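# Residue-level structure breakdown
So the chains spell out like this:
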Amino acid sequence: MSDPTPTTPDAETRDATRQETRDEVRYEVRDGVALLTLDAPERRNALSVPMSRQLIDAARTAEADPAVGAVVVTGGAHFCAGAVRSVLADTGQDPVEDDAYRNLETVYAAFTTVGSIGVPTIAAVRGAAVGAGLNLALATDLRIVSRSARLLPGFAQIGIHPGGGHFTLLDRVAGREAAAALGLFGDEVDGERAVALGLAWAAYDDGEVQERALALAARVAADPPLARRTVASFRRETAPGGVPWDVAVELERSPQMWSLRRKHGA
């Protein structure tokens, strides 16, 4: 039976730089690392439905490329301000209307896809990671943040229930206490506090964050087949013992729909 793992690409292929633009998500591969950059600075990279689809496509493109051994997700000066308000407002008007339901599901899929592709992933976080944007950062295998980064759920501040398996993501990264402080009580942390809590691996000055993340990713990306097998083992062996993430997504969907409808009627 043949080995399904892609063969190691030669150095010329692996070191080639390839760039693509998907309107609001820039895609670049260098040294075996795919860099996915959210590029809607006018709304601080809040996830729209088209942008979410582009991020899903970029993540799947990286996964399908045997020369890619790691992915770094970033957003420039502002990581991601959550989901655009129109998606939440439309869902609030009629939570079970097909288009509204599917649109919110697409936003969920932006970070669940990044969190499930078969290559190691790093979030390079500058500025704010809010709501769905924090979910996106937490979905990756590792986070490199700026000292001044702001990590906050933001759900309570706008009067809605967390979504996207938010409590499970927080708990699996930093434990129950941090999940309570951020997800339940709506606290926020900066980059240095995030490192102290285990929400991130390291904090640097703004100008260093992306290159530090890329350098870290390049280590594992030097051998893409090994990187893919290793990350599969890592995820299986470090899976939380509680509710699986995909179950948590469904568990949180109903109360989030309720909170969106309540906000719309207020």
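It should be noted that the structure appears before, not after, this text.
So, here is what we can say about the structure in this document. (Residues numbered from 1 in each chain as written. Predicted model: local features only at pLDDT ≥ 70, side-chain atom pairs only at ≥ 80, totals over all residues. Heavy atoms only, no water.)

## Brief notes about helix α11 (residues 245–265)
With 21 residues, α11 ought to run about 30 Å at 1.5 Å a step, and its terminal C-alpha atoms sit 30 Å apart, in line with that. A bend of about 30 degrees at R253 is the largest found in α11, and the proline P255 appears one to four places after it. The set of residues buried in α11 consists of W245, A248, V249, E252, R253, Q256, M257, S259 and L260. (Helix = DSSP H or I, 4+ residues; strand = E, 2+ residues; numbered from the N terminus. Expected span 1.5 Å × (residues − 1). Bend = angle between axes of the 7 residues up to and from the residue. Buried < 20%, exposed > 50% of the residue type's maximum accessible area, 1.4 Å probe, protein only.)

## Some words on the environment of A70
Mapped onto the secondary structure, A70 falls in strand β4 (residues 70–74). A relative accessible area of 1% means that A70 is categorised as buried. Separated by 152 residues in sequence, A70 and A222 have C-alpha atoms that sit 8.9 Å apart. If we skip the residues at most four places from it in the chain, A70 touches G32, V33, A34, V119, P120, A217, V220 and A221. (Contact = heavy atoms within 4.5 Å.)

## Describing the sheet that holds strand β6 (residues 128–130)
Two strands in a sheet stick together by hydrogen bonds in their backbones, pointing the same way (parallel) or opposite ways (antiparallel). What the three strands build is an open sheet, ordered β6-β8-β9; its pairing is mixed. At either margin of the open sheet sits one strand with a lone partner, and together these are β6 and β9 (189–190). Pairing of strand β8 (residues 150–152) with β9, which is carried by two bridges, proceeds in the antiparallel orientation. Within β9, the residue paired with L151 across the bridge is V189. (Pairing = 2+ DSSP bridges.)

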